[in-house]
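Given next are the chains, with one letter for each unit.
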Amino acid sequence: MKPSQIILRSGVALVGILSFTWFRTAARSGEFTTLVPVFDGSCQDISGMPGAEDLAIDRQAGRIYVSSDDRRAAAQGAPVRGAIYALSAADPVKAVDRKDLTGGLPAAFHPHGLSLNRGPDGTSTVMVVNHPKGATDYTGTQVEIFDVQSDGMLKLRRSVALPGVTRLNDIAATGPDSFYATSESDLARGSFAESLGYILGNDRTGAIWYFNGSKASKQDTGLGFANSVALSNDGRTLYASATISRSIFIYDRDPATGALKRRDGALLGTGVDNLDVDPEGIVWIGAHPKMLTFIQHAGTPAKASPSQILILEPAASGKGGAIDQVYLKDGTDGFSGATVAVRTGSTMVMGSVFEKSVRVCQLPKVWRQSQSHPAQRLLDPERDELKKEAEKATKAESGGVSK
């Protein structure tokens, strides 16, 4: 074979490999999935709280805490500081004073995931993951622990760093000083290895850690971009989301030791983000059904990104459960990339990592879309394109003909 032919065939093979890899990545990311936007309720956007990436609700005090950071302004070099705000759980749209509850401490504050703990004596603690150098640099990340004062203000009591855990994303408070935390990945943020891990979908170094007030211990690993954690109402079950795995995992929790044992897991087929458990035990899930589109939205504000809100209704047996959809929009209505949703009565409040507002929606009378829109396919965990490729490969191996 002539050198020119070798080069040509090698080039064709390389193009084929790259094309197939791109196809697999795009399919796994949901880019070929047909979305049918639907939500029968009404929504109102409340400005003044940019980058409300996470929410935590104190139902007893009637407050919804908002983790806010203007990430785009910070990325452009603006001297901005994040904040924690509060909405009324009874009426989130009513006029409220946009007061930063932290009182300016710590000075370098770019909040990410947050969580609330209410003790048996009625005292409350708010914990938040803080990236002091901003969302693009996780160096120096720590967990800020605030005591909730009688007037609702937050008093910084303690800052906790977890040595060796550099990519903290979210936390679930279990006491005044203890918490679970997710570490997205062991790979360096923004590195070639991380990009390759996403393209191939094989990075499973995300982990869940437990801090008992004095030391941290790894409880589980194997998650593809460990994102959020949330506790059941009785504190005996922990839910965790893995964005690249497009899955949610369920753990038995020992309240005395904090030890976790994986009980179950489910592929949801969408880029799962933050979790919240409502009083009925339903897990509310913010998700990105087109993950590559969301990445484009992060760099280009004009590029709309879909928002999806799912629910998990755990089975009484503790394994399995019903997955349903509550909300799906394509982002062209002015609200892109929802990361979290909390429910208070018939109201759903949503946050987003880049929008300048939170979205408050009145749920329709029937909000489980399997009931309100039973003919619509809500989830596509297998991805039609990948399924077709697998069928073609099987037929080829058996000598069949695939069209």
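Focus on the packing of aromatic side chains
Tallied over the entire structure, the rule returns 6 aromatic pairs. The ring centre of Phe 249 lies 4.3 Å from the NZ or CZ of Arg 262, which sits over that ring. The aromatic ring of Trp 367 is capped on one face by Arg 368, whose charged end is 4.3 Å from the ring centroid.

Structural notes on the sheet that holds strand β2 (residues 52-58)
Sheet architecture is open: 3 strands sit in the order β2-β3-β4, paired in antiparallel fashion. Sheet topology places β2 and β4 (83-88) at the edges, where each strand pairs with a single neighbour. Ignoring which end each strand starts from, the neighbouring axes of this sheet average 25° apart.

Section: the nonpolar core
Ranked by size, the top nonpolar core spans 16 residues in total, and within it Met 49, Leu 55, Ile 64, Val 66, Leu 87, Val 349 and Val 358 carry the most contacts. The contacts of Leu 55, once residues within four sequence positions are left out, are Ile 64, Tyr 65, Val 66, Leu 114, Val 340, Val 342, Val 349, Met 350 and Gly 351.

Quick word on the environment of Glu 280
Residue placement: Glu 280 occurs in the loop between β17 (271-277) and β18 (283-288). Taking the C-alpha atoms as reference, Glu 280 lies 8.5 Å from Asn 233; in sequence the two are 47 residues apart. If near-sequence neighbours (up to four positions away) are discounted, Glu 280 is found in contact with Asn 233, Arg 343 and Arg 368. Among the polar contacts made by the side chain of Glu 280, one reaches the side chain of Arg 343 at a distance of 3.4 Å.

Some points on the pairing of strand β15 (residues 247-253)
For β15, the tally of buried residues reaches 6 of 7 residues, placing the bulk of the element in the interior. Sheet topology note: the strand β14 (residues 237-242)/β15 ladder contains 6 bridges and is antiparallel. Looking at β15, one finds that Leu 238 is bridged to Tyr 251. Here 7 bridges tie β15 to strand β16 (residues 260-267), and the two strands are oriented antiparallel to one another. Bridging across to β16, Ile 248 finds its partner in Ala 266. Hairpin connection between β15 and β16: a loop of 6 residues separates the two successive antiparallel strands, and Gly 258 in this loop has a positive phi of roughly 85°.

Let's talk about the pairing of β2
For β2, the buried fraction is high: 7 of the 7 residues fall into the buried class. Here 6 bridges tie β2 to strand β3 (residues 63-68), and the two strands are oriented antiparallel to one another. Within the sheet, the bridge partner assigned to Leu 55 lies in β3 and is Val 66.

As for the confidence of the model for the protein
As a general rule, the predicted coordinates of low-pLDDT regions are not to be interpreted in detail. Summing up the model confidence of the protein, the mean pLDDT is 87 and the portion of residues at 70 or higher is 86%. Ignoring residues within four places in sequence, the model shows residues 5-18, a span with pLDDT below 50, making 2 contacts including any to other chains. Note on residues 380-386: pLDDT under 50 across the span, and 22 contacts to partners over four residues away in sequence or across chains.

Some details on helix α4 (residues 291-299)
Along α4, the residues that are buried comprise Met 291, Thr 293, Phe 294 and His 297. Projection of α4 onto a plane perpendicular to its axis shows the buried side chains occupying an angular sector of 155°, all on one side.

Observations concerning a nonpolar patch on the surface
On the surface, Phe 192, Leu 196, Ile 199 and Leu 200 cluster together into a nonpolar patch covering about 390 Å² of accessible area. Look at Leu 196 and you get partly exposed, because its relative accessible area is 35%.

Procedures and definitions
- Residues numbered from 1 in each chain as written.
- Predicted model: local features only at pLDDT ≥ 70, side-chain atom pairs only at ≥ 80, totals over all residues.
- Heavy atoms only, no water.
- Phe/Tyr/Trp six-rings, centres within 6.5 Å; stacked < 30°, edge-to-face > 60°.
- Lys NZ or Arg CZ within 6 Å of the ring centre and 35° of its normal.
- Pairing = 2+ DSSP bridges.
- Helix = DSSP H or I, 4+ residues; strand = E, 2+ residues; numbered from the N terminus.
- Axes fitted to C-alpha atoms, helices over the stretch in contact; angles between N-to-C directions.
- Core = buried A, V, L, I, M, F, W, Y, C linked by side-chain atoms within 4.5 Å.
- Buried < 20%, exposed > 50% of the residue type's maximum accessible area, 1.4 Å probe, protein only.
- Contact = heavy atoms within 4.5 Å.
- Polar contact = N/O pair within 3.5 Å; in protein donor to acceptor, adjacent residues only side chain to side chain.
- pLDDT = per-residue confidence, 0-100.
- Arc of directions from axis to C-beta.
- Patch = residues over 30% accessible without salt bridge, like charges linked within 9 Å, V, L, I, M, F, W, Y side chains within 5 Å.
- Areas by Shrake-Rupley, 256 points an atom, 1.4 Å probe, with all protein chains shown as cover.
- Salt bridge = Lys/Arg side-chain N within 4 Å of Asp/Glu carboxyl O.

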